[in-house]
Amino acid sequence: FCNAGFSTLDNGLFHPDYRHNYMLLNSLSWLIIFGGIGFPILFNIWHWVRHKLVQLYDRIAHRSQRKYDHQARTLTSNTVIAIVLTAILVVGGTVLFFITEYNSVLTSDKSFWGKLSTSFFLATVPRTAGFSSFSMGSLTNISVVIMILYMWIGGSPMSTAGGIKTTTFAIALLNVINTLRGRDHIEIRQRTISKLTVNRAFIIIFSSLVVVAIGVVVLSIFEPKLPTQYVIFEVVSAFSTVGL
């Protein structure tokens, strides 16, 4: 839940007794997702669920007495953005890793369920737990690039995860899309995102890229024999506190 990724096992979760324990991998994946979604969002979801349950009871118990039913906005825009982008990253990553690693890392998983569980784990750990139930050296180049992107994005604000945060990436992406469409503002659930929030998102992204670029240059000086791709992976992993 705290996205730390520490393990007392030899070779971490790549240990032969654990790397095919799919129930364990799936449990860890969900804990990582919940820990990286952000505490305010978890509380907001709980309040939303409680509101829906109370509303359902009210409808059943007082159906004949109530003429109007007020629909309160219990889910904040921040919660919606974080949940939607997290779902896209997890589902999209699972599918992409399943395709790109089918003949590589996933060859040791004999069943379809095993391949799917490992792909799900692959899509979760870069944001930003750092566990590995696979050999990092066996990953394809496409998977490495995807993992670098996932590590850089990280989790949600006020969570246990690192990275630039899902909401920052989402707001910047929405601003680019709206600009291409000729719109001068961002609307989410009929509410406008302020220019200050958009500017902050781009400042965070720019600053992170500057830090990563400096790290890549410095590490390349001290480790000139390492391929650039490995250097970028190491720097982004350290920047986002992933540890892969």
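Residues numbered from 1 in each chain as written. Predicted model: local features only at pLDDT ≥ 70, side-chain atom pairs only at ≥ 80, totals over all residues. Heavy atoms only, no water.

Some words on the nonpolar core
Counting 36 residues, the largest nonpolar core has Leu139, Met147, Met151, Trp152 and Phe233 as its most contacted members. Among the secondary structure elements, those contributing two or more residues to this core are helix 3 (77-100), helix 4 (112-124), helix 5 (141-153), helix 6 (166-180), strand 1 (186-188), helix 7 (195-222) and helix 8 (228-239). Of all the elements, helix 5 adds the most residues to this core, at 8 residues. Those residues within four positions of Phe233 in sequence are excluded, and the remaining contacts are Met136, Val144, Met147, Ile148, Met151 and Leu244. Within the second largest apolar cluster, 9 residues are counted, among which are Leu13, Leu28, Val125 and Ala129. (Core = buried A, V, L, I, M, F, W, Y, C linked by side-chain atoms within 4.5 Å. Buried < 20%, exposed > 50% of the residue type's maximum accessible area, 1.4 Å probe, protein only. Helix = DSSP H or I, 4+ residues; strand = E, 2+ residues; numbered from the N terminus. Contact = heavy atoms within 4.5 Å.)

Details of helix 5
Its 13 residues give helix 5 an end-to-end C-alpha distance of 19 Å, which sits within 8% of 18 Å, the value for a rise of 1.5 Å per residue. What helix 5 keeps buried is the set Ser143, Val144, Ile146, Met147, Ile148, Tyr150, Met151, Trp152 and Ile153. Packing partners of the buried residues in helix 5 comprise helix 3, helix 4, helix 6, helix 7 and helix 8. Phi for Gly154, located one or two positions after helix 5, is positive at around 75°. (Expected span 1.5 Å × (residues − 1).)

Some remarks on unusual backbone geometry
Following Arg127, the chain continues to Thr128 via a peptide bond in cis, the omega torsion being -10°. Of note, Thr128 is situated in the loop between helix 4 and helix 5. For Asn3, which is not a glycine, the phi torsion comes out positive at approximately 60°. In this structure, Asn3 sits in the segment before helix 1 (22-36).

Some details on the packing of aromatic side chains
Under the counting rule described, the total for this entry stands at 7 aromatic pairs. Seen in terms of ring centroids, Phe1 and Phe39 are 5.9 Å apart; in terms of plane orientation they differ by 55°. Their pairing is tilted. Highlighted residues: Phe1 in the segment before helix 1 and Phe39 in helix 2 (residues 39-61), separated in sequence by 38 residues. Since its relative accessible area comes to 38%, Phe39 is described here as partly exposed. Here the aromatic rings of Trp30 and Phe120 are separated by 5.5 Å at their centres, their planes lie at 50°, and the arrangement is tilted. Remark: Phe120 occurs in helix 4 and Trp30 occurs in helix 1; sequence separation between them is 90 residues. (Phe/Tyr/Trp six-rings, centres within 6.5 Å; stacked < 30°, edge-to-face > 60°.)

A closer look at the packing of helix 2 against helix 3
Running from amino to carboxyl end, helix 2 crosses helix 3 at an angle of 105°, the nearest separation of the two axes being 10 Å. As far as their axial angle goes, helix 3 and helix 2 are roughly perpendicular. For the pair formed by helix 2 and helix 3, the contact residues are Ile41, Asn44 and Ile45 on the first element and Asn78, Thr79, Ala82 and Ile83 on the second. (Axes fitted to C-alpha atoms, helices over the stretch in contact; angles between N-to-C directions. Parallel < 35°, antiparallel > 145°, perpendicular 65-115°, else oblique.)

A closer look at the environment of Thr107
Considering the arrangement of structural elements, one finds Thr107 in the loop between helix 3 and helix 4. For Thr107, the contacting residues outside a window of four places in its chain are Tyr102 and Lys115. In terms of polar contacts, Thr107 uses its side chain to reach the backbone carbonyl oxygen of Ser104, at 2.7 Å. (Polar contact = N/O pair within 3.5 Å; in protein donor to acceptor, adjacent residues only side chain to side chain.)

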